[in-house]
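# A look at the structure
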Amino acid sequence: MNNKEPRDKESSAERTSRKLLKQEGPMDALQLATHIGITRMAVRQHLYNLQSQKLVQFSEEARAMGRPAKVWKLTTEANRLFPDGHAELSVRLIDSMREAFGEEGLDKLLDIRNRKMVQQYLKEAPGSLSLKEQLEALAELRTAEGYMAEIAVNPDGSFLFVEKHCPICEAAQICSGICRKEQEMLQQVLGEDVEVERTGHILSGQARCTYRIQQAASTELHGMEG
């Protein structure tokens, strides 16, 4: 019993560390320790254990005083610990669809999937809402699907739509059209008077998928004239 308790606590701390690195991005040991409520030395032990499993890695970041700090982030291997949207089944289905219908047929199937997603999202995040309200509702829907989505307001008034996890990452790796359709889906939900630009991409090695979203310039000008 006594031998089991420390392992349970360690496992819990490691899970919390992974979740924080997924949600907040790269952090040093002090930041993680502050969030979790344990010592920096204990956090380091958990991080080195995760590193031995190839789930985290660090880079050194210069600080104003003292030695450079180790800043930790998740590896791509850690994706398997988060919702994966039934990755193996999805990959097999995509391979089968490609074999049966070819690339053109697969693209048409993705169009059908997108159309249904747009219809579903517009029921919960209708265009009658303000852009901010629509993005907040959309982030809530995507989070429920495993994307860990949130929005932020940029200094220029535009929005950043952030997805910290990709539950269909395995499928997207063998079918690039899925990612292209994701951006098209956002555009269709938000409407033609909104500009959607992808600024970060998990499949390109970045920590999260991000989209810069703003009202189209012509729309803003029309509003000022009115």
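Structure shown above.
Structure report, in brief. (Residues numbered from 1 in each chain as written. Predicted model: local features only at pLDDT ≥ 70, side-chain atom pairs only at ≥ 80, totals over all residues. Heavy atoms only, no water.)

Bringing the overall build of the protein chain into the picture now. Helix and strand counts for the protein chain come out as eight helices and seven strands. Out of the 226 residues belonging to the protein chain, those deemed buried represent 38%. Accessible area for the protein chain stands at about 13,700 Å²; split by element, carbon and sulfur atoms hold 51% of it. (Helix = DSSP H or I, 4+ residues; strand = E, 2+ residues; numbered from the N terminus. Buried < 20%, exposed > 50% of the residue type's maximum accessible area, 1.4 Å probe, protein only. Areas by Shrake-Rupley, 256 points an atom, 1.4 Å probe, with all protein chains shown as cover.)

Another point: helix α5 (residues 131-144). The end-to-end C-alpha distance of α5 is 20 Å, a good match for the 20 Å that 14 residues give at a rise of 1.5 Å each. Among the residues of α5, Leu131, Gln134, Leu135, Ala137, Leu138, Ala139, Leu141 and Arg142 are the ones counted as buried. The positive-phi residue at the C-terminal boundary of α5 is Gly146, with phi of around 100 degrees. (Expected span 1.5 Å × (residues − 1).)

Relative to strand β7 (residues 209-215), strand β5 (residues 159-163) runs antiparallel, the two being bridged by five bridges. The partner of Phe159 across the bridge, within β7, is Ile213. (Pairing = 2+ DSSP bridges.)

This part takes up the packing of helix α2 (residues 29-36) against helix α3 (residues 40-52). The geometry of α2 relative to α3 is characterised by a closest axis approach of 8 Å and an angle of 110 degrees between their N-to-C directions. Accordingly, the angle class assigned to the pair α2 and α3 is roughly perpendicular. Residues Ala29, Leu30, Leu32, Ala33 and Ile36 of α2 lie in contact with α3, whose contacting residues are Arg40, Val43, Arg44 and Leu47. The residue inventory of the contact of α2 with α3, partitioned by class, reads seven nonpolar, no polar and two charged. (Axes fitted to C-alpha atoms, helices over the stretch in contact; angles between N-to-C directions. Parallel < 35°, antiparallel > 145°, perpendicular 65-115°, else oblique. Contact = heavy atoms within 4.5 Å. Nonpolar A, V, L, I, M, F, W, Y, C, P; charged D, E, K, R; others polar.)

Taken in spatial order, the three strands of this open sheet run β1-β3-β2, and their pairing is antiparallel. Among the strands making up the open sheet, the edge pair consists of β1 (27-28) and β2 (56-61).

Another point: the pattern of salt bridges. Under the definition given, this model contains 17 salt bridges. Salt-bridge contacts for Asp28 lead to Arg63; the nearest nitrogen and oxygen are separated by 3.2 Å. Of the two residues, Asp28 is situated in strand β1 and Arg63 in the loop between β2 and β3 (69-74); the sequence distance between them amounts to 35 residues. By relative accessible area, Asp28 is classed as buried at 8%. Among the residues examined, Arg63 registers a relative accessible area of 35% and is labelled partly exposed. (Salt bridge = Lys/Arg side-chain N within 4 Å of Asp/Glu carboxyl O.)

With that settled, consider helix α7 (residues 177-190). Residues separated by three or four positions in an α-helix point in the same direction, a consequence of the helix having 3.6 residues per turn. Look at α7: 20 Å from first C-alpha to last across 14 residues, which is about the 20 Å you get at 1.5 Å a residue. Three or more residues of α7 are buried, namely Gly177, Ile178, Cys179, Lys181, Glu182, Met185, Leu186, Val189 and Leu190. A positive phi of about 100 degrees marks Gly191, the residue just after α7.

To continue, consider the nonpolar core. Ranked by internal contacts, the top residues of the largest apolar core, which has 33 residues, are Phe161, Ile178 and Ile213. Counting only elements with at least two residues in this core, the list comes to α4 (87-124), α5, β5, α6 (169-174), α7, β6 (194-200) and β7. With 14 residues, the next largest nonpolar core counts Ala33, Leu50, Leu74 and Ala78 among its residues. (Core = buried A, V, L, I, M, F, W, Y, C linked by side-chain atoms within 4.5 Å.)

Under the definition given, this model contains two aromatic pairs. Seen in terms of ring centroids, Tyr48 and Trp72 are 5.6 Å apart; in terms of plane orientation they differ by 75 degrees. Their pairing is edge-to-face. Taken together, the residues span a long stretch of sequence, with Tyr48 in helix α3 and Trp72 in strand β3 at a distance of 24 residues. Relative to Trp72, the ring of Phe58 lies with its centre 5.0 Å away and its plane at 55 degrees, an arrangement referred to as tilted. With Phe58 in strand β2 and Trp72 in strand β3, the pair connects residues that are 14 residues apart, well separated along the chain. For Phe58, a relative accessible area of 32% corresponds to the partly exposed category. (Phe/Tyr/Trp six-rings, centres within 6.5 Å; stacked < 30°, edge-to-face > 60°.)

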